[in-house]
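# Working through the structure, step by step
Residue strings, one per chain:
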Number of protein chains: 2
Amino acid sequence: MKSILITGCNRGLGLGLIRSLLRQQQHQQPEKIITTYRVPEKSKELLALAKQHAQIIPLHVDLRDFARYDQLVQQVDSIVQGAGLNVLFNNAGISPKSTRLNFTKSEDLVETFVTNTVAPIMLTKALVPLLKRAADGQPTAPVGPGRACIVNMSSILGSIQSNREGGLYGYRTSKAALNAATKSMSIDLQGNGIMAVVLHPGWVKTDMGGPKAPLAVDESCDAMVQTLLLLNQSNNGQFLQYDGTALPW
Amino acid sequence: MKSILITGCNRGLGLGLIRSLLRQQQHQQPEKIITTYRVPEKSKELLALAKQHAQIIPLHVDLRDFARYDQLVQQVDSIVQGAGLNVLFNNAGISPKSTRLNFTKSEDLVETFVTNTVAPIMLTKALVPLLKRAADGQPTAPVGPGRACIVNMSSILGSIQSNREGGLYGYRTSKAALNAATKSMSIDLQGNGIMAVVLHPGWVKTDMGGPKAPLAVDESCDAMVQTLLLLNQSNNGQFLQYDGTALPW
């Protein structure tokens, strides 16, 4: 994996994934860790980290601004150049405050869907040429992060089978929809040597997960990076927990 | 089942469901078949049928206009009165023209989600008081259409497990999301004696299904009505094919 693009890197799991990549042995570290952030004032840790590590390249973008994607792809292209992009990690996501049916608002449902589902689909669409270039550049390498992978950050809350608690209409619908889109990506792009999976990070001590969560950010992110590094053809189209365990839809 | 509300009744499966209900034995026919339609000029068959059958009550509403729902609930309330509403059948849906990743448009993804997912959730939220009233009115009756049911029209294309063909990002994400929402409804509302299921109508000769589909509208709708009439506690939260076969998420 020479290059990875991770969205939503100003905090939580996005920032944790960067830190985890920097903890890997030298030969496992991507040469380019392209990261996106939306609000500069809330991204000081990311921007400070990028000053210390030349391999981190922060790009300022609001991923809901789909008209901006062409320019974003040009920026990524100029960073990865002929090698293309090995891994697109769609991590950015939100969780609406309204969770019970009686308090569910149509605007929250749509806003969550746009950020958690539409943006990963549109960014994948936009970056397919760069992912293809990476896959084509390693034609004899096995399918996996050494060629080209799409990793979409989902959640066990998007598992319909595992839903025992109800509620959470905005979050659950957006993540089930992302799971559905990822399965289509895994089929549509396999002929190009590009694989696609969805990951559940576990219940993690982030702003979204809250302080009662059993997993620290580092634990979850180290496990996700290990799972990412071991991805192979057999995982294409799967829903995997941070530690690589397969989950039901 | 004294009353049923079916959305999207101007053609296809919605119109077929009404016709199928009218073919049932007298004691199985709902006293009130409340139907919604959006474009009067495209709803002549429905409006003609309603003139012949007093039990069909057509309501003119654009279900994307969520601000209109309060008024819609008042209309339904004045029709069903003290008995409440037994069955809400969220049937209205669309399928965007763009299907392959490379042609997927963010506007199509959002529009399809609003119609196929957000509208059924918001209409369910709005009608819960009338569904509760129906369930409460039959406290000793078994859970099912004799008390209160939500039936959401999904599709096998919303089954992530069954996806072998890829593509169809807008339609698949909206239906997987509807499946996720229905599972939450089935949990959230079971304490009120209200059950919720998703149905796959089969591949049917409609405008959406096309002329090559193996099932006639009447066949699919007769089977769906039989499945609806037989719904019981064991089906709560399930994804059922038209003939009652359980499908995977």
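For the structure itself, consult the block above.
Keep in mind that this is a model prediction, so the values were computed, not measured.

### Let's talk about the overall build of chain A
For chain A, the helix and strand inventory stands at 6 helices and 7 strands. Reading chain A from its N end, one meets helices and strands in the order β-α-β-α-β-α-β-α-β-α-β-α-β. Its C-alpha atoms give chain A a radius of gyration of 17 Å, within 12% of the compact-globule value 18 Å for 249 residues. The buried share among the 249 residues of chain A stands at 54%. A separation of at least 24 residues holds for 69% of the contacts in chain A among residues at least 6 apart in sequence.

### Notes on the relation of the copies chain A and chain B
Mapping chain A onto chain B is achieved by rotating through 180° and translating by 0.0 Å along the same axis, at an RMSD of 0.0 Å. Within this description, the copies of the chain are treated as partners about a two-fold rotation axis. The position closest to the rotation axis in chain A is occupied by the C-alpha of Ala177 of chain A, lying 2.6 Å away. Looking at chain A, 100% of its interface residues are interface residues in chain B too, so the copies touch through the same face.

### Considering unusual backbone geometry
A positive phi angle, close to 50°, is found at Gln81 of chain A, a residue other than glycine. Inspection of the secondary structure puts Gln81 of chain A in the loop between α3 (69-80) and β4 (87-90). Overall, Gln81 of chain A belongs to the exposed group, with 12 C-beta atoms counted inside 10 Å. For Leu168 of chain B, which is not glycine, the phi dihedral falls at a positive 55°. Tracing the sequence through the fold places Leu168 of chain B in the loop between β5 (148-153) and α5 (169-188).

### Let's talk about the sheet that holds β4 of chain A
Residue and element names in this part refer to chain A. Taken in spatial order, the 7 strands line up as β3-β2-β1-β4-β5-β6-β7 in an open sheet, and their pairing is parallel. Both outer strands of the open sheet, β3 (56-60) and β7 (239-241), are each paired with one neighbouring strand and no more. Within this sheet the neighbouring strands show an average axis-to-axis angle of 20°, counted without direction. Pairing geometry for strand β6 (residues 194-200) and β7, over 3 bridges, is parallel. Residue His200 lies in a different strand from β7, and its bridge partner there is Gln241. On top of the sheet, helix α4 (residues 106-137) reaches β4, β5 (148-153) and β6; it is set at about 165° to β4, its chief contact.

### Digging into the sheet that holds strand β3 (residues 56-60) of chain B
Residues and elements named next belong to chain B. As summarised here, the arrangement of the 7 strands in space is β3-β2-β1-β4-β5-β6-β7, forming an open sheet in which the pairing is parallel. Taken across any chain shown, the strands that pair with only one partner, and hence form the sheet edges, are β3 and β7 (239-241). The average undirected angle you get between the axes of adjacent strands in this sheet is 20°. With 5 bridges connecting them, strand β2 (residues 32-37) and β3 associate as parallel partners. Note on β3: the bridge partner recorded for Thr36 is Leu59. Of the strands in this sheet, β4 (87-90), β5 and β6 (194-200) touch helix α4 (residues 106-137), which is tilted by about 165° from β4.

### As for the interface of chain A and chain B
Residue-level contacts link 36 residues of chain A with 36 residues of chain B. Listed by contribution, the elements that provide at least two residues to the side of chain A that touches chain B are α4 and α5 (169-188) of chain A.

### A short note on α4 of chain B
An α-helical segment advances 3.6 residues per turn. Residues three or four places apart therefore align on the same side. For α4 of chain B, spanning 32 residues, the distance from its first C-alpha to its last is 45 Å, which sits close to the expected 46 Å at 1.5 Å a residue. Taken as a whole, α4 of chain B carries its principal kink of about 50° at Leu127 of chain B; the proline Pro129 of chain B stands between one and four residues after it.

### Some thoughts on the pairing of β6 of chain B
Among the 7 residues in β6 of chain B, 7 count as buried, and that is most of the element. Side chains of β6 of chain B alternate between two faces, with Ile194, Ala196, Val198 and His200 of chain B and Met195, Val197 and Leu199 of chain B buried alike.

Conventions adopted
Residues numbered from 1 in each chain as written. Chains lettered and ligands numbered in written order. Predicted model: local features only at pLDDT ≥ 70, side-chain atom pairs only at ≥ 80, totals over all residues. Helix = DSSP H or I, 4+ residues; strand = E, 2+ residues; numbered from the N terminus. Rg over C-alpha atoms; globule rule 2.2 N^0.38 Å. Buried ≥ 20, exposed ≤ 12 C-beta atoms within 10 Å, placed from the backbone. Contact = placed C-beta atoms within 7 Å. Least-squares fit on C-alpha atoms with pLDDT ≥ 70 in both. Pairing = 2+ DSSP bridges. Axes fitted to C-alpha atoms, helices over the stretch in contact; angles between N-to-C directions. Expected span 1.5 Å × (residues − 1). Bend = angle between axes of the 7 residues up to and from the residue.

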